[in-house]
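This is what each chain is made of:
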Amino acid sequence: MTAAALWTEAAGPRPLNLRRLVERIWTVRGSLPLDPALAPEAALARLDPLFQEYGTTVTRDQRGLAYDKKDPGAQDPLATFDSGSLAVVEGGEGAVLTWRLVSKSLLACFFAPLLFLAFAQTAVFIGDHLAASADAKADKKDEKKESVLYQNPLDKALGAPAPEKPKDDDKKKDAKKERKLSPTPGYVFAGIFAVLYIVGRVLEPMLVRRRFRRLLEQG
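These figures come from a predicted structure and were not determined experimentally.

**Considering the overall build of the protein chain**
Argument step 1. What the protein chain contains, in helices and strands, is 7 helices and 5 strands.
Argument step 2. Each helix (α) and strand (β) of the protein chain, taken in turn from the N terminus, gives the series α-α-β-α-β-β-β-β-α-α-α-α.
Argument step 3. Within the protein chain, the fraction of its 219 residues that count as buried is 30%.
Argument step 4. A sequence separation of at least 24 residues applies to 59% of the contacts in the protein chain between residues at least 6 apart.
Argument step 5. Accessible surface, the protein chain: about 14300 Å² in total, of which carbon and sulfur atoms supply 60%.

Here's what the structure looks like:
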């Protein structure tokens, strides 16, 4: 990646458009002002320990770097963000470190609820279809039994009441038994991944900013 590309990717805020809004699902941008006495190369050097983890490849120049991670370990402080770029740019009040980080994990957590909601709705659809089939079978059986309701002669002689037709409530209970697929697990997992995405989208950028600040302030 060229120096111009590094700086363009990590350079600060740009006008919002549809593509930028979609990118915000899995992309994090941020910036930190640098000590005027700290040269760009020195600032990047202080952040270097973050990019010495296993599976990380780095392309750099004097004012920026880009990195990519493959199978990062759990101990990797940037494991959530698979790739990204950092650059030192001149702001109105001095040099500023800017970054653009990309997370496939956030992207997966964003789409996972939609997938599990689809599973839940599929379960509802199949369950309704099974219940409707059960109702149809029950109605056919009732039609056959409606003409003659058998009563034991002994019961009849003892004055026992004639057998009654099955109630509609009983039919509904039998139909519910046929609905063996429950949408509840789908809703539960959708909620879990939605919470994971919200927490990750809020917490992870804060942690990254804190790590960058701590390393830059180390003399």
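What follows continues from the structure just given.
**Details of the packing of aromatic side chains**
Each aromatic ring pair is specified by the distance between its two centres and by the angle formed by the two planes.
Argument step 1. In the structure shown here, the tally under the stated rule is 7 aromatic pairs.
Argument step 2. Aromatic side chains Phe 116 and Phe 119 sit 6.0 Å apart centroid to centroid with 80° between the ring planes, which places their arrangement in the edge-to-face category. Linking Phe 116 with Phe 119, this pair stays in helix H4 (residues 104–146), spanning 3 residues, or about one helical turn.
Argument step 3. Members of the aromatic cluster, connected to one another through ring pairs, are Phe 116, Phe 119, Phe 189 and Phe 193.

**Things to note about the sheet that holds strand S1 (residues 27–33)**
Argument step 1. Strand order in this open sheet of 5 strands is S1-S5-S4-S3-S2, and the pairing throughout is antiparallel. One side of each edge strand has no neighbouring strand; the edge strands of this open sheet are S1 and strand S2 (56–60). For this sheet, the mean inter-axis angle between neighbouring strands, taken without regard to orientation, is 15°.
Argument step 2. Packing of helix H7 (residues 184–217) onto the sheet brings it into contact with S1, strand S4 (83–91) and strand S5 (94–102), and relative to S1 it is tilted by some 30°.

**With respect to the nonpolar core**
Argument step 1. Core analysis: the biggest nonpolar cluster contains 27 residues, and Leu 86, Leu 97 and Trp 99 have the highest contact counts within it.
Argument step 2. Those elements that place two or more of their residues in this core are S1, helix H3 (40–46), strand S3 (64–69), S4, S5, H4 and H7.
Argument step 3. With 5 residues, H7 is the largest single contributor of residues to this core.
Argument step 4. Once you skip the residues sitting within four places of it in the chain, Leu 97 turns out to touch Gly 30, Ser 31, Leu 32, Leu 34, Leu 44, Leu 47, Leu 86, Ala 87, Val 88 and Leu 216.

About the thresholds
- Here, residues in each chain are numbered from 1, in the same order as that chain's written sequence.
- The model is predicted, so local features are restricted to residues of pLDDT at least 70 and side-chain atom pairs to those at 80 or more, both for listing and for counting; the totals for chains, interfaces and linings are taken over all residues.
- Note: side-chain values were computed over all heavy atoms of the structure, leaving out hydrogens and water.
- Numbered from the N terminus, helices here are DSSP runs of H or I no shorter than four residues, and strands are runs of E no shorter than two.
- The cut-offs for exposure are 20% and 50% of the maximum accessible area for each residue type, with area from a 1.4 Å probe on protein chains only; residues under the lower value are buried, those over the upper are exposed, and the others partly exposed.
- Only heavy atoms enter the contact rule, under which two residues are in contact if any of them lie within 4.5 Å.
- For the accessible areas, the method is Shrake-Rupley and the probe is 1.4 Å, while residue cover comes only from the protein chains on display.
- Geometry of aromatic contacts follows a simple scheme: Phe, Tyr and Trp rings, the Trp one being its six-membered ring, pair when their centres are within 6.5 Å, and the pair is stacked under 30 degrees between planes, edge-to-face over 60, tilted otherwise.
- Here the rule is simple: two strands pair whenever DSSP picks up at least two bridges between them.
- For helices, the fitted line uses only the C-alpha atoms of the stretch in contact; every axis is such a line through C-alpha atoms, and the angle between N-to-C directions lies from 0 to 180 degrees.
- Nonpolar core, defined: a set of buried Ala, Val, Leu, Ile, Met, Phe, Trp, Tyr and Cys residues in which side-chain atoms within 4.5 Å join the residues together.

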